[in-house]
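Structural description and commentary
Take a look at the letters that make up each chain.
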Amino acid sequence: MKIFSFTFGPFQENTYLLTDKTGECIIVDPGCFTFAEQQELKSFIQNHQLKPVQLLNTHCHLDHVAGNRFIYDEYQLLPVIHPLDLPVLEMQENSSRLYGLPCDKSPAPKNFFKDKDRIKFGETELEVHFAPGHSPGHVVFFNSKTKALIGGDLLFRGSIGRTDLPGGNHETLIHSIKNVLFPLGDDVIVNSGHGPETTIGHERMTNPFLI
């Protein structure tokens, strides 16, 4: 599995493309707000001859779903989310208005994750792990062969996800990090929703919020 990342929007959100040698790809958390950002993502997909087959959201805060409508319009892919984050997705327009940001309303999902689901594309399989705290229905995606985690806004290099937004809970988030992420192994590379990548081992040993 190969991972390509793009940093989009005023919140500097990381959007991910996951692909393998078959050319099929999954789009995770498209945060493209502007036409230029949309075209950057579209051009990359075209230039690398990729075939988008699924649109996944780790969670539904506005910076992670800003491009959902664009992806649907371009590739006819509906987002797949955890059902507990549906109320968060439905707040997209109000949240965007509060921040003074444009909003292309995300289409509604038809399918939902549950904990321990398996997502397959090409020759690759991802495990879905329910990891709430930053939002009620936050999930992460893990590829055991490459030891790669798409971690959303749960864990960052030297920090953790905020819990002051509706549905957030600090104790739940810490529990998710220690009981969902840590058991995956210290050598797992965490591709976070914001900022640079890190490893579970590095954060377990040095992250001031977890020591």
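The shown structure was predicted, so the numbers you read here are calculated from the model rather than taken from an experiment.

**Considerations on a nonpolar patch on the surface**
- A contiguous nonpolar patch, built from F11, L98 and Y99 and spanning about 330 Å² of accessible area, is present on the exposed surface.
- Tracing the chain through its elements places L98 in helix α5 (residues 92-99).
- Under the relative-accessibility criterion, L98 is labelled exposed at 75%.

**Focus: the sheet that holds strand β2 (residues 13-19)**
- Pairing within the open sheet is mixed, and its five strands lie in the order β1-β2-β3-β4-β5. Because the sheet does not close on itself, it has two edges, and the strands there are β1 (2-8) and β5 (79-80).
- Judged from the five bridges that link them, strand β3 (residues 24-28) and strand β4 (residues 51-56) form a sheet pairing that is parallel. By the bridge assignment, I26 is partnered in β4 with Q54.
- Helix α1 (residues 35-47) contacts β1, β2, β3 and β4 of the sheet and is inclined by roughly 165 degrees relative to β1.
- Packed onto the sheet, helix α3 (residues 68-75) meets β3, β4 and β5 and runs at close to 145 degrees relative to β4.

**What to know about the environment of N47**
- Here N47 shows up in helix α1.
- Expressed as a C-alpha distance, the spacing of N47 and T22, which sit 25 residues apart in the sequence, is 15 Å.

**Some details on the packing of α1 against α3**
- The interhelical angle for the contact between α1 and α3, taken along N-to-C directions, is 40 degrees, at an axis separation of 11 Å. One way to sum up the angle between α1 and α3 is to call them oblique. Here α1 runs over α3; the crossing is right-handed. Note on element contacts: α3 touches α1 through F70, I71, E74 and Y75, opposite Q38, Q39, L41, K42 and I45.

**Some thoughts on the sheet that holds strand β12 (residues 189-192)**
- One open sheet holds the six strands; their spatial order is β6-β7-β8-β9-β12-β13, and the pairing between them is mixed. Each edge of the open sheet carries a strand with a single partner, namely β6 (118-121) and β13 (198-199).
- In this structure, β6 lies alongside strand β7 (residues 124-130), joined through four bridges in antiparallel fashion. In the strand pairing of β7, R118 is matched with E127.

**A closer look at the packing of aromatic side chains**
- This structure, assessed with the given rule, holds five aromatic pairs.
- Consider the rings of F6 and F44, whose centres lie 5.1 Å apart with planes at 85 degrees: the pair is edge-to-face. With F6 in strand β1 and F44 in helix α1, the pair connects residues that are 38 residues apart, well separated along the chain.
- Exposure remark for F6: the relative accessible area of 6% places this residue in the buried category.
- Ring geometry for F11 versus Y99: centroids 5.3 Å apart, planes at 90 degrees, classification edge-to-face. On the criterion of sequence distance, the pair formed by F11 in the loop between β1 and β2 and Y99 in helix α5 is long-range, its members being 88 residues apart.
- Residue class for F11 comes out partly exposed when judged on its relative accessible area of 31%.
- What makes Y99 partly exposed here is its relative accessible area of 42%.
- Within the aromatic cluster, the residues linked to one another by ring pairs are F4, F6, F8 and F44.

About the thresholds
- Residues numbered from 1 in each chain as written.
- Predicted model: local features only at pLDDT ≥ 70, side-chain atom pairs only at ≥ 80, totals over all residues.
- Heavy atoms only, no water.
- Patch = residues over 30% accessible without salt bridge, like charges linked within 9 Å, V, L, I, M, F, W, Y side chains within 5 Å.
- Areas by Shrake-Rupley, 256 points an atom, 1.4 Å probe, with all protein chains shown as cover.
- Salt bridge = Lys/Arg side-chain N within 4 Å of Asp/Glu carboxyl O.
- Helix = DSSP H or I, 4+ residues; strand = E, 2+ residues; numbered from the N terminus.
- Buried < 20%, exposed > 50% of the residue type's maximum accessible area, 1.4 Å probe, protein only.
- Pairing = 2+ DSSP bridges.
- Contact = heavy atoms within 4.5 Å.
- Axes fitted to C-alpha atoms, helices over the stretch in contact; angles between N-to-C directions.
- Parallel < 35°, antiparallel > 145°, perpendicular 65-115°, else oblique.
- Left-handed = near helix turned anticlockwise from the far one by under 90°.
- Phe/Tyr/Trp six-rings, centres within 6.5 Å; stacked < 30°, edge-to-face > 60°.

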